[in-house]
Each structure stands twice: as structure tokens, then as C-alpha cells.
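Close look at the chain arrangement
In case you want the letters, here they are:
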Amino acid sequence: MILELDCGNSFIKWRVIRQGLPGLVLGGVVDSDEKLIEVLAATSGLSLRHSRMVSVRSAEETQKLVALIAEEFGVETQCASSARILAGVANGYEAYERLGLDRWLALVGAYATVGKACLVLDLGTAITSDFVSAKGEHLGGYICPGMPLMRGQLRTHTRRIRYDDVAAEEAQSSFAPGRSTAEAVERGCALMIRGFAASQLTLAQQYLGDDFIVFVTGGDAELIGDVTPGARHMPDLVFVGLALACPLV
Ligand SMILES: Nc1ncnc2c1ncn2[C@@H]1O[C@H](COP(=O)(O)OP(=O)(O)OP(=O)(O)O)[C@@H](O)[C@H]1O
Ligand SMILES: CC(C)(CO)[C@@H](O)C(=O)NCCC(=O)O
Ligand SMILES: [K+]
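Just so it is clear, the model here is predicted, and its values are computed rather than measured.

Regarding its fold elements, the chain presents 7 helices and 12 strands. Taken over the C-alpha trace, the chain has a radius of gyration of 19 Å; the compact-globule value for 249 residues is 18 Å, and the two agree within 12%. The dimensions of the chain, computed from C-alpha atoms along their principal axes, are 55 × 45 × 35 Å. A total of 249 residues make up the chain; the buried ones form 43% of that total. When contacts within the chain are restricted to residue pairs at least 6 apart in sequence, those whose partners lie at least 24 apart make up 55%. As presented, the chain carries roughly 12900 Å² of accessible surface, and 53% of it is formed by carbon and sulfur atoms. Averaging the coordinates of the 22 positive side-chain charges in the chain and doing the same for the 29 negative ones gives two points 3 Å apart.

For the rest of this paragraph, the subject is the site of ligand 1. Around ligand 1 sit 14 residues in total, of which Asn9, Lys13, Thr125, Gly219 and Asp220 are the nearest. The contact in question runs from an oxygen atom of ligand 1 to an N or O atom on the backbone of Gly219, over 2.9 Å. In this structure, an oxygen atom belonging to ligand 1 sits 2.6 Å away from a side-chain N or O atom of Asp220. Across the complex, the protein chains shield 72% of the 630 Å² of accessible surface that ligand 1 would expose by itself. Residues of the shell around ligand 1, tallied by class, amount to 5 nonpolar, 7 polar and 2 charged.

Next up on the list: the coordination of the potassium ion (ligand 3). Listed as protein donors to the potassium ion (ligand 3) are Asp102 (OD) and Asp122 (OD); their distances from the metal cover 3.1 to 3.2 Å. In this pair, Asp102 sits in helix H3 (residues 101–114) while Asp122 sits in strand S8 (residues 117–123), placing the two residues 20 residues apart along the sequence. Given the relative accessible area of 12%, Asp122 is considered buried.

Residues Leu123, Ile193 and Ile224 are the most contacted members of the largest nonpolar core, which totals 29 residues. Of all the secondary-structure elements, those providing two or more residues to this core are S8, strand S9 (126–132), helix H4 (147–156), helix H5 (165–171), helix H6 (181–208) and strand S11 (212–217). A per-element tally of this core places H6 first, with 10 residues. Setting aside its immediate chain neighbours within four residues, Leu123 contacts Ile193, Val216, Thr217, Gly218, Gly219, Asp220, Ala221, Leu223 and Ile224. Core analysis: the second largest hydrophobic core is formed by 26 residues, Leu105, Ala106, Val120 and Met234 among them.

Turning our attention to the UniProt feature "binding site: substrate" (unreviewed entry) in the chain. Annotation from UniProt places "binding site: substrate" (unreviewed entry) at Tyr93, Gly100, Leu101, Asp102, Arg103 and Thr181. For the annotated residues, spread through 89 residues, the largest C-alpha to C-alpha distance comes to 39.9 Å, inconsistent with a single compact locus. If we skip the residues at most four places from it in the chain, Asp102 touches Val54, Val56 and Val238. Tracing the chain through its elements places Arg103 in helix H3. Given a relative accessible area of 4%, Arg103 falls into the buried group. Excluding its chain neighbours within four sequence positions, the residues that come into contact with Arg103 are Tyr93, Thr128, Ser129, Asp130, Gly141, Tyr142 and Ile143.

Our focus in this paragraph is the environment of Pro247. Looking at the element boundaries, Pro247 is found in the segment after helix H7 (237–245). For Pro247, a relative accessible area of 42% corresponds to the partly exposed category. Separated by 167 residues in sequence, Pro247 and Ala80 place their C-alpha atoms 9.9 Å apart. Residue contacts for Pro247: discarding those within four places in its chain leaves Arg52 and Gln78.

The rules behind each value
Residues numbered from 1 in each chain as written. Chains lettered and ligands numbered in written order. Predicted model: local features only at pLDDT ≥ 70, side-chain atom pairs only at ≥ 80, totals over all residues. Heavy atoms only, no water. Helix = DSSP H or I, 4+ residues; strand = E, 2+ residues; numbered from the N terminus. Rg over C-alpha atoms; globule rule 2.2 N^0.38 Å. Buried < 20%, exposed > 50% of the residue type's maximum accessible area, 1.4 Å probe, protein only. Contact = heavy atoms within 4.5 Å. Areas by Shrake-Rupley, 256 points an atom, 1.4 Å probe, with all protein chains shown as cover. Lys, Arg positive; Asp, Glu negative; His and termini not counted. Charge placed at Lys NZ, Arg CZ, Asp CG, Glu CD. Near = heavy atom within 4 Å. Polar contact = N/O pair within 3.5 Å; in protein donor to acceptor, adjacent residues only side chain to side chain. Nonpolar A, V, L, I, M, F, W, Y, C, P; charged D, E, K, R; others polar. Donors = N, O, S within 2.8 Å, 3.2 Å for Na, K, Ca; no water. Core = buried A, V, L, I, M, F, W, Y, C linked by side-chain atoms within 4.5 Å. UniProt positions renumbered as here; feature names shortened; annotations may be inferred.

Set out below in C-alpha cells:
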């Protein structure tokens with residue numbers, strides 16, 4: 001079995017797959033290294049032979065988790081690293097090593113899946129978009145705050161924006177003008193994100209032409225479901241790229 005990890009700024013997405021077999025054994029989302037180890041240790045029948053990881057955390061945090069996995073399960077973890085070219089895609093950043101590895105693997109995974117021009121939208125702690133041409137040239141992209149950051153900034157920098165998770169959840173049922181703080185903030189931020197997504201489609205047409213595939217991934221993907229008709233919702237897009245970046249040898 002192969003352990004695959006996508007370590008974002010807030011959560012660790014993990015899954016276990018079988019070598020050469022389709023379908024996953026199991027997977028989930030946790031908010032700390034300790035939780036990850038706990039969940040895996042409690043899984044019966046787990047026999048890890050390989051482990052691979054993509055991390056946008058600091059090198060120290062990443063190494064700490066690699067060491068924990070070695071200690072607990074006796075496997076080395078292969079970590080994805082930056083590249084100028086991978087699986088027929090050329091990194092578009094001036095300093096290629098500065099492009100977030102989650103973005104890089106998602107866009108490589110997208111292009112490898114369809115072999116056509118792609119727009120990749122990832123809605124996590126931050127929201128990112130990336131443009132890949134039909135020839136596999138990464139043209140660059142955009143970064144903006146995601147829902148957790150927008151909400152957090154409003155709470156942190158105002159005195160009177162305060163509401164709980166239940167109110168937040170309830171507020172998300174419509175886009176009507178808010179009649180409470182929770183509704184006003186939740187709907188306002190969601191509309192900003194939807195506006196961002198719509199503008200990405202316009203930019204994609206401009207930079208990629210009419211024939212491109214939209215991929216949407218990340219924990220908040222459903223926020224833009226109906227503004228990106230025809231888009232492919234692929235929660236495991238980063239893992240597709242991860243397998244290409246860290247093939248088993
Ligand atoms: N099962 C889940 N567990 C955690 N967050 C979830 C889940 N489903 C949806 N979300 C939402 O997804 C968002 C986090 O997205 P995601 O997990 O893709 O990114 P992240 O790890 O926080 O950050 P990064 O962008 O660095 O990968 C949060 O707004 C959270 O509310
Ligand atoms: C933008 C995030 C935080 C999204 O997870 C990550 O891809 C990252 O830390 N990127 C580095 C900066 C960049 O991509 O230009
Ligand atoms: K991410």
C-alpha cells in the first residue's frame with residue numbers, strides 16, 4: 001500500500017492506495033500530524049510499503065512529519081520537489097522553485113489527464129488559479145485569499161463581526177442580501193470568490209482560446225460549482241500530479 005499526503009496550510013489530506021490497482025483503500029482530512037498518525041495507527045490491515053508527500057509547509061515542519069512516519073510505520077517518504085518540466089508541462093514561473101508545489105502538481109495532474117489547455121482552480125486556505133496552454137506551457141496564475149482567510153480577516157480587524165460556525169453554516173443556504181452579520185459576511189465573501197472564478201473563465205478564454213478544460217479542486221470547491229459549468233470537480237487532482245512527481249522505482 002502507498003500512503004499519499006497533501007500537506008496544506010490548514011489541513012493534511014491523506015489517502016492510501018494499492019500499488020497498480022485502481023481505487024483507494026481509505027482517505028481523509030486531518031488538522032495535525034498527530035491526528036494523522038493516530039488515524040493511520042488505528043487502521044487495521046494497513047501495510048505501508050511506500051509513502052509520498054507534497055507539502056507547502058516549511059522544510060522543518062515537512063521533515064518533522066517525514067520523521068514521524070518513518071518512526072511509526074517504517075517507511076521512507078518521497079517528497080515532491082520543484083521542477084522546470086514534468087510530464088510534458090513547463091513551469092511558467094520566472095523562479096520555478098517559488099511556485100507552490102500544490103499548484104504545480106495540480107496543474108501537471110490536470111494537463112496529464114486531458115492533454116489539452118486547462119484552467120485549474122484550487123479553493124483552500126488560499127485560492128489559486130493556473131493556466132496551462134494546449135502545448136503544456138504553464139502561463140502562470142493568480143493567488144487570492146480563500147474563504148477561511150477572508151472570514152478570519154473580517155473577524156480579526158473589526159470589533160462587531162462575530163458569529164459562530166452554526167450561524168455560518170445556516171447563512172450559506174442562499175445569496176439573498178444578508179439580514180444578519182453571519183449572512184452578510186458569508187454571502188459577501190462567497191460572492192467575491194464566485195466573481196473571481198467568473199473572471200478566471202474570461203481570462204482563460206483570452207489566454208487559452210475557446211478549447212480548454214476547467215478543473216476545480218480544494219475543500220471549498222462547491223462554492224463555485226454553478227459558476228463554472230462543465231468544470232471537472234477532481235478532489236484528488238494534487239494526488240494525480242504527486243504520482244507523476246514521485247513515481248515508485
Ligand atoms: N472534510 C473537510 N475537512 C476540512 N476542511 C474542509 C472539508 N471539507 C471542506 N472543507 C473546507 O475546505 C477549506 C480548506 O481547503 P483545503 O483543505 O483544500 O486547503 P488547506 O489545506 O486548508 O489549505 P491549502 O490551500 O494550503 O491546501 C476550508 O474552508 C474548509 O472549511
Ligand atoms: C498559494 C498556496 C498557499 C496555496 O496552497 C501555496 O501554493 C503556496 O504557498 N505557494 C507559494 C507561492 C506561489 O505559488 O507563488
Ligand atoms: K491546496
